[in-house]
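# Coordinates in review
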Amino acid sequence: MGIFQYRFRFLFLVSFLLCGSALFAQDAEQAEGIVDTKKEVDDYIQHHIQDSHDFTIFSYSNDAGERKHFGFPLPVIVWTSEGLVTFMSSQFDHNDNGEVIVEEEGLSFAKIHGSIYELEGGATAVNLDEEQHATNGDKVIDFSITKSVVGILLIGLLMFVWFFGLARQYKNKKIPTGFGRVLEPLVLYVRDELARPNIGEKHYRKFTGYLLTVFFFIWLLNMAGLTPLGFNVTGQIAVTAALAIFTLIIYTISGNRDYWMHILWMPGVPILIRPILAIIELVGAFIIKPFSLMVRLFANITAGHIVMMSLIAIMFVLRAELGVVGSSVLSVALSLLLFFIELLVAFLQAYIFTMLSALFIGMAVAEHDHDHDKKGHDGSDVEDVRGDFI
Amino acid sequence: MGDLFNDFSIGLFAIQTVLLIVLILLMAKFAWKPIMNSLTEREEGIQGALDAADKARREMENLQADNQRLLQEARLERDTMFKEAREIKAKMIEDAKGEAQEQANSMIKQAQEAIESEKRNAMAELKNQVAVLSVDIAEKVIREELSNKSKQLELVDKMLGEARLN
């Protein structure tokens, strides 16, 4: 439990410090920011799940009916027809419907549902089609420092500080003290329970660094998503895709002769079946495995966030039926319960991603022919475990 | 599925890829490598210490066994020595007893012999004394007898008669 407390304390500290120095972006908006009906709840959840160009910690409507946002803007960096353009996200005034047009370096930009569009020359307003896509603008390639990027940077920094500290402790003493005593068993756990058994005694050393990084990266980001800061980094498909592709690249590069033999020209089966098997194996190795890694993490974390916010929304949605107290109590009780489940899921998903990565790498570097049975068993075990909890 | 790919942000993907590469490289160089090395070193150290302790214990056991054996041998030796000493003692006592007996016997014998010879001497002397006394008495008797003629003759007769009988 110590680690959780520590982490929350740390994150609260970080958020507190950030708030202290934050730019107070307070702008007027219609009172439409109030979330009350089912449709509004749905929109709010959809909005939360998406990446955001601002770091908003909370918003409220003041007595005058103005919408106030408490947080700070982040830099927008976009690759446009004219090259790179940068400006602060505060210029969009928290507008996400394309109503605010930002003019920068002779180009006009509008933000619609988290995507930034470059409007065609001279346009002063956005024309939207039925699916809320701009018809007179093109999506730009968005390299902005979004909330997710901030999350990645923060967690990366946190990891570096923690584990660099741990590494430095070993210079003077054999057994770490303080927080290092919490980190060390986790490192040992990843090495001895994930890397070593799945990759094998002979090769595991080379890949432990990657697995440790990925494990703590995913776990900490999952946990960050449970804090009131509202990160949803591991629920961004781009992030999980990058992680999955890293694993793909690593096991593809380190695959040995046996591995490629099993993929391209499976020994021990009739010649005619071999090409068919090769197609299946190639699809498995290059599409199914990374895709399953990517979607599993993305879907679990996104689903967790949706359910969490839906349970919180019970407070508003069922207010008419249960009264203020009834809906609040129900909402708090259920979301508290889900919070603990999500704490478990945060660990579990990091564990599964790391374990499967280790397993795929292990299959690529294994020197015997028993890999395929192993894959079937472990894969189904993992699915069972996941099915039990999600 | 459409939304899934619609939400895919190439920019975020690129940033994540770059940041992840940087993070992996930094962590590998500055954190994981020294941590792993230290852990391995520590584990090897622990293993070594355990092995050394094991070895020391085995040596100790050997040493103890040796000591035990030595002790056993020493005890056996002591026992035999005691036994021998006891035997020697018994033998010495026995010998001494025999010798003493012999000496005593010879002394007794000598004493007996001395007593015998003294007795013989005393007897001889006594005999001499008795003889002298007898001769003296006989002289006195004969002198008295010979003063009377008839008695002299009677005596001669009697002696003759005795001599004949012999």
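Residues numbered from 1 in each chain as written. Chains lettered and ligands numbered in written order. Predicted model: local features only at pLDDT ≥ 70, side-chain atom pairs only at ≥ 80, totals over all residues.

Another point: the overall build of chain A. A tally of helices and strands in chain A yields 10 helices and nine strands. Here chain A holds 390 residues, and 37% of them are scored as buried. (Helix = DSSP H or I, 4+ residues; strand = E, 2+ residues; numbered from the N terminus. Buried ≥ 20, exposed ≤ 12 C-beta atoms within 10 Å, placed from the backbone.)

According to the domain assignment, chain A contains domain 1 (75–144) and domain 2 (149–389). With centres defined by C-alpha atoms, the gap from domain 1 of chain A to domain 2 of chain A works out at 35 Å. (Domains from an automatic or database assignment.)

As a further point, take the nonpolar core. Residues and elements named next belong to chain A. Phe-163, Leu-211, Phe-215, Phe-217, Ile-218, Leu-220 and Phe-353 are the most contacted members of the largest nonpolar core, which totals 88 residues. Residues lining this core come from more than one domain, with at least three contributed by each of domain 1 (75–144) and domain 2 (149–389). Among residues more than four places away in sequence, those in contact with Leu-220 are Ile-155, Leu-158 and Met-159. (Core = buried A, V, L, I, M, F, W, Y, C linked by C-beta atoms within 7 Å. Contact = placed C-beta atoms within 7 Å.)

With that out of the way, let us pick up the UniProt feature "transmembrane region" (unreviewed entry) in chain A. Residues and elements named next belong to chain A. Under the present numbering, the feature "transmembrane region" (unreviewed entry) in UniProt falls on residues 149–167, 207–227, 233–251, 263–288 and 294–317. Across residues 207–227, the secondary structure splits into 86% helix and 0% strand, with the terminal C-alpha atoms separated by 31 Å. The span residues 233–251 carries 79% helix and 0% strand; its end-to-end C-alpha distance comes to 24 Å. (UniProt positions renumbered as here; feature names shortened; annotations may be inferred.)

What follows covers the sheet that holds strand β9 (residues 141–142) of chain A. Residue and element names in this part refer to chain A. Sheet architecture is open: three strands sit in the order β4-β3-β9, paired in antiparallel fashion. Two strands in the sheet have a free side with no partner beyond their single neighbour: β4 (83–88) and β9. Pairing of strand β3 (residues 75–80) with β9, which is carried by two bridges, proceeds in the antiparallel orientation. Bridge pairing in β9 places Trp-79 opposite Ile-141. (Pairing = 2+ DSSP bridges.)

In this section: the UniProt feature "transmembrane region" (unreviewed entry) in chain B. Here, UniProt's "transmembrane region" (unreviewed entry) annotation points to residues 12–32 of chain B. Structurally, residues 12–32 of chain B comprises 100% helix and 0% strand, and the distance from its first C-alpha atom to its last is 26 Å.

You will see that A:Asp93, though not glycine, has its phi angle at about 55°, which is positive. The topology assignment puts A:Asp93 in the loop between β4 and β5 (97–104).

Residues and elements named next belong to chain B. Tracing the backbone through its elements, the reader meets Val-135 in helix α2 (residues 10–146). The exposure class of Val-135 is exposed, given the 11 C-beta atoms found within 10 Å. It is 100 Å that separates the C-alpha atoms of Val-135 and Asp-66, two residues lying 69 residues apart in sequence.

On to the pairing of strand β7 (residues 115–119) of chain A. As a general feature of sheets, a regular strand has side chains that alternate between the two faces. Residues and elements named next belong to chain A. For β7, the buried fraction is high: five of the five residues fall into the buried class. Residues of β7 alternate between two faces, with Ser-115, Tyr-117 and Leu-119 on one and Ile-116 and Glu-118 on the opposite face, all of them buried. One ladder, built from four bridges, connects strand β6 (residues 107–112) with β7; its direction is antiparallel. Residue pairing in the sheet places Lys-111 in a bridge with Ile-116 of β7. Counted along the chain from β6 to the antiparallel partner β7, the turn is two residues long, and its residue His-113 has a positive phi close to 50°. When β7 meets strand β8 (residues 137–139), the two strands line up antiparallel, connected through three bridges.

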